[in-house]
Amino acid sequence: MIPGPFTYHRPSSVAEALAVLAAHGDEARPLAGGHSLIPMMKLRMATPEHLVDLGAIKELAGIRADGAEIVIGATTTQAELIKSELLAAKAPIIRETAMQIADPQIRSKGTLGGNVANGDPGNDMPAVMQCLDARYVLQSKGGERIVAARDFYQGAYFTALQEGEILVAVRIPTPAAGHGSAYEKLKRKIGDYATAAAAVILTVSGGKVASAAITLTNVGSTPLFAEEAGKLVIGTNCDAATAKKAAEAAMAITDPATDGRGTAAYRRAMAGVMTARALAKAFARAKTGA
Ligand SMILES: Cc1cc2nc3c(=O)[nH]c(=O)nc-3n(C[C@H](O)[C@H](O)[C@H](O)COP(=O)(O)OP(=O)(O)OC[C@H]3O[C@@H](n4cnc5c(N)ncnc54)[C@H](O)[C@@H]3O)c2cc1C
């Protein structure tokens, strides 16, 4: 449970961090909150020789509105997401999800950037970012590129992030005023990763669903965008029969592993239950403005 030796770097700008990463290639890794990377280093599942701590880089911090988007800096902690009045007003699903990550100690250090860049299918924010149709801003010495959250995840711990790149910010199209959302997560105990979880964001017009997005956490090797399930609820009033159909469509795209959280069959069924619950909650919230 002791990490291998490494050199610790604490740059004060993105340019400096990128230079250190470029100088050491795949022997270097960014360090954010350390709540995923350090445990992996202790287990020797990761053995970086250079850790590039992003914590002192001011340009990576903060949450702001930018025209029709919300921009969240990569090193914004889960605790800061919970405290943000802008997010509470404009995209409450982020706060609701952050509240369900681990415990307050971990949330005080764990960052949005680390959570989404990590590539662990158990992380909660990737599915929520897919539901919000977020874009990840990636920077390297060669410049900047933007990758949609829905295209970023390629397998467990395998993402579109390339060697020498830092995720600098997440850009989220501000959800429509009056939208409804919910993140429903089944876990064995407080602080646990999801057995299965579902995120839903929808809008309602004239009592019917006008738009909907549904995504899933920890029931496949990546977060899953349940596109078909979302389409099934459009034009409906989210009645029980529709929710059942959507839940079945969501379950159909899952491929969970049997592990300590349950069998594959149980976790697939729970993905359906979480989808139906999140749909009902999001629809009620959109109608009542809660
Ligand atoms: C007991 C426990 C329970 C937990 N439960 C949950 C849970 O229920 N749900 C959940 O979602 N998470 C959970 N976590 C993980 C926690 O949320 C982490 O904080 C998070 O996954 C990683 O964020 P971090 O800032 O700590 O990143 P780090 O651990 O520092 O980094 C994680 C990975 O991302 C890379 N990285 C970090 N930042 C960047 C960046 N800006 N650009 C490029 N690469 C970057 C690192 O190189 C590393 O590979 C738990 C952790 C613990 C210890």
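Coordinates for the structure precede this section.
A brief look at the structure comes next. Just so you know, these numbers come straight off a predicted model, no measurement behind them.

1. Side note on the site of the ligand
Within the structure, the ligand sits among 30 residues, and P30, S36, L37, T111 and D124 are positioned closest to it. Within the backbone of G34, an N or O atom sits 2.8 Å from an oxygen atom of the ligand. A102 places a polar main-chain atom, nitrogen or oxygen, 3.5 Å from an oxygen atom of the ligand. Expressed as a share of its isolated accessible area of 960 Å², the protein-covered part of the ligand is 91%. If you list the elements that add at least two residues to the shell around the ligand, you get β2 (28-31), α7 (112-117) and β10 (166-173). Split by residue class, the shell around the ligand holds 14 nonpolar, twelve polar and four charged.

2. Examining the packing of aromatic side chains
In the structure shown here, the tally under the stated rule is three aromatic pairs. Here the aromatic rings of F152 and Y153 are separated by 5.0 Å at their centres, their planes lie at 80°, and the arrangement is edge-to-face. For the pair formed by F152 and Y153, the shared burial category is buried. Following the ring pairs from residue to residue traces out a cluster consisting of Y136, F152 and Y153.

3. Considering a nonpolar patch on the surface
Residues M1, L43 and M45 make up a contiguous nonpolar surface patch of about 390 Å² in total accessible area. Tracing the chain through its elements places M45 in the loop between α2 (37-42) and β3 (50-53).

4. Quick notes on helix α1 (residues 14-24)
Of the residues making up α1, those classed as buried are V14, A17, L18, V20 and L21. Buried residues of α1 fall within an arc of 160° about the axis and therefore sit on the same side. Residues A15 and A23 are exposed on α1 and point more than 90 degrees away from its buried face. Considering only its buried residues, α1 is in contact with β1 (7-9), β2, β3, β6 (135-140) and β10. Phi turns positive, to about 55°, at G25, one or two residues after α1.

5. Details of the nonpolar core
Ranked by size, the top nonpolar core spans 36 residues in total, and within it I94, V116, M125, M129, Y136, V170 and I172 carry the most contacts. When residues in this core are grouped by element, the largest group, four residues, is from helix α8 (residues 125-131). The contact partners of I172, leaving out residues within four places of it in the chain, are A68, E69, I70, I72, I94, M129, L132 and A134. A198, V219, M270 and A282 belong to the second largest nonpolar core, which has 25 residues in total.

6. A closer look at the packing of helix α11 (residues 240-252) against helix α12 (residues 264-288)
Axes are the key here: two packed helices are described by the angle between their axes and the distance separating the axes. Contact geometry for α11 and α12: axes closest at 8 Å, N-to-C directions at 140°. Judged on the interaxial angle alone, α12 and α11 are oblique. At the point where α11 passes α12, the crossing takes the right-handed sense. Where α11 abuts α12, its residues A243, A246, A247, A250 and M251 lie against R268, A269, A271, G272, T275, A276 and L279.

7. Looking at the side chain of D53
Its location among the elements puts D53 in strand β3. Of the residues examined, D53 reaches a relative accessible area of 8% and is grouped as buried. Here the side chain of D53 touches G55 through a polar contact of 2.8 Å, landing on its backbone nitrogen. When sequence neighbours within four positions are dropped, the list of residues in contact with D53 reads Y8, H9, R10, P11 and L31.

8. Describing the pattern of salt bridges
The tally for this structure, following the rule as stated, stands at 14 salt bridges. Where R135 meets D133, a salt bridge forms, and the shortest distance between an N and an O atom there is 2.9 Å. The partly exposed category is assigned to D133, whose relative accessible area is 25%. Notably, a salt bridge pairs E184 with K281, separated by 2.6 Å at the nearest N-O pair. Taken together, the positions of E184 in strand β11 (residues 180-186) and K281 in helix α12 put the pair 97 residues apart, joining distant regions of the chain. Owing to a relative accessible area of 33%, K281 belongs among the partly exposed residues under this scheme. Taken together, the salt bridges that share partners define one network made up of R64, D66, E69 and R171.

Reading the values: rules and limits
Residues numbered from 1 in each chain as written. Predicted model: local features only at pLDDT ≥ 70, side-chain atom pairs only at ≥ 80, totals over all residues. Heavy atoms only, no water. Near = heavy atom within 4 Å. Polar contact = N/O pair within 3.5 Å; in protein donor to acceptor, adjacent residues only side chain to side chain. Areas by Shrake-Rupley, 256 points an atom, 1.4 Å probe, with all protein chains shown as cover. Helix = DSSP H or I, 4+ residues; strand = E, 2+ residues; numbered from the N terminus. Nonpolar A, V, L, I, M, F, W, Y, C, P; charged D, E, K, R; others polar. Phe/Tyr/Trp six-rings, centres within 6.5 Å; stacked < 30°, edge-to-face > 60°. Buried < 20%, exposed > 50% of the residue type's maximum accessible area, 1.4 Å probe, protein only. Patch = residues over 30% accessible without salt bridge, like charges linked within 9 Å, V, L, I, M, F, W, Y side chains within 5 Å. Salt bridge = Lys/Arg side-chain N within 4 Å of Asp/Glu carboxyl O. Arc of directions from axis to C-beta. Contact = heavy atoms within 4.5 Å. Core = buried A, V, L, I, M, F, W, Y, C linked by side-chain atoms within 4.5 Å. Axes fitted to C-alpha atoms, helices over the stretch in contact; angles between N-to-C directions. Parallel < 35°, antiparallel > 145°, perpendicular 65-115°, else oblique. Left-handed = near helix turned anticlockwise from the far one by under 90°.

The values are spatial; any link to function lies outside them.
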